[in-house]
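# What the coordinates show
So you can see what is in the structure, the chains are spelled out below.
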Amino acid sequence: MLEQTQFSDDDLHHLFLLVEAQDATCMLNLAGHPLRIREVVFQMVENGCRVSKVDTDAYNIFLYDKEVTEIYDYLTTIIKVKFT
């Protein structure tokens, strides 16, 4: 039987992900409601990306371009992206 986790409207989670697509690799720093983060990860996997969870050290030492892109959506998910 599946266990259902209940989240309140103001829950906030933080997650670091390594995302590998066919044409790029990037590191994501995600913050937002857990259900919204789950939806973002699901969309990446559905679009053919390989997604793995990493820790803060992996995010901080990830080699990337000069720019870090910040994305804010209407459902308050904050995504910081570092591309190789």
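So, a few notes on the structure that sits alongside this text. Note that the structure is a prediction, hence the values are computed from the model and not measured.

Rules used throughout
- The residue numbers shown here count from 1 along each chain, following its written sequence.
- Local features in this predicted model are restricted to residues whose pLDDT is 70 or higher, and side-chain atom pairs enter the listing and the counts only when it is 80 or higher, whereas totals over whole chains, interfaces and linings include all residues.
- Side-chain numbers come from the whole structure's heavy atoms, not from hydrogens or water.
- A run of H or I in DSSP counts as a helix once it spans at least four residues, and a run of E counts as a strand once it spans at least two, with each numbered from the N terminus.
- Burial here depends on accessible area, computed with a 1.4 Å probe over protein chains only, as a share of the maximum for the residue type. Under 20% is buried, over 50% is exposed, and the range in between is partly exposed.
- Throughout, a residue-residue contact means that at least one pair of heavy atoms, one from each residue, lies within 4.5 Å.
- Calculation of accessible area relied on Shrake-Rupley with a 1.4 Å probe; when residues are assessed, cover is drawn exclusively from the protein chains displayed.
- Cysteine sulfur atoms are paired as a disulfide whenever they come within 2.5 Å of each other.
- Here the nonpolar core consists of buried residues drawn from Ala, Val, Leu, Ile, Met, Phe, Trp, Tyr and Cys, with membership extended through side-chain atoms lying within 4.5 Å.
- The term salt bridge refers to a side-chain nitrogen of Lys or Arg lying within 4 Å of a carboxyl oxygen of Asp or Glu.
- Strand pairing requires that DSSP identify at least two bridges connecting the strands.

In this section: the overall build of the chain. A tally of helices and strands in the chain yields two helices and five strands. In the chain, which comprises 84 residues, the proportion classed as buried is 30%. Here the contacts in the chain between residues at least 6 apart in sequence split such that 52% fall between residues at least 24 apart. When the accessible surface of the chain is summed, it comes to about 6,400 Å², and 52% of that surface belongs to carbon and sulfur atoms.

Let us look at the state of the cysteines. A complete count under the given rule lists zero disulfides for this structure. Just so you know, Cys26 is unpaired, no disulfide at all, and the nearest cysteine sulfur is the one on Cys49, 7.5 Å from it.

A word on the nonpolar core. Listed in full, the 10 residues of the largest apolar core are Leu15, Leu17, Val19, Cys26, Leu28, Leu30, Ile37, Val40, Met44 and Cys49. The set of elements that each furnish at least two residues to this core consists of strand S1 (13-20), strand S2 (25-32) and helix H1 (34-46). Formed by five residues, the second largest nonpolar core is a distinct cluster that contains Phe16, Leu18, Met27 and Tyr59.

Next up on the list: the pattern of salt bridges. Counting across every chain of the model gives two salt bridges. As a salt-bridge pair, Arg50 and Glu20 come within 3.2 Å of each other at their nearest N and O atoms. Of this pair, Arg50 sits in strand S3 (residues 50-54) while Glu20 sits in strand S1, placing them 30 residues apart in sequence. Given a relative accessible area of 56%, Arg50 falls into the exposed group.

Attention now goes to the pairing of S1. Where S1 lies against S2, eight bridges are found, and the strand directions are antiparallel. Looking at S2, one finds that His13 is bridged to Gly32. From the end of S1 to the start of S2, which pair antiparallel, there are four residues. Note: S1 against S3, five bridges, orientation antiparallel. Paired with Val19 across the two strands is Val51, which belongs to S3.

Relative to the elements of secondary structure, Leu17 occurs in strand S1. According to the relative accessible area criterion, Leu17 is buried, its value standing at 4%. Between the C-alpha atoms of Leu17 and Ser52, which are 35 residues apart in sequence, the distance is 5.6 Å. Excluding residues within four positions of it along the chain, Leu17 makes contact with Cys26, Met27, Leu28, Leu30, Val41, Met44, Val51, Ser52, Lys53 and Val54.

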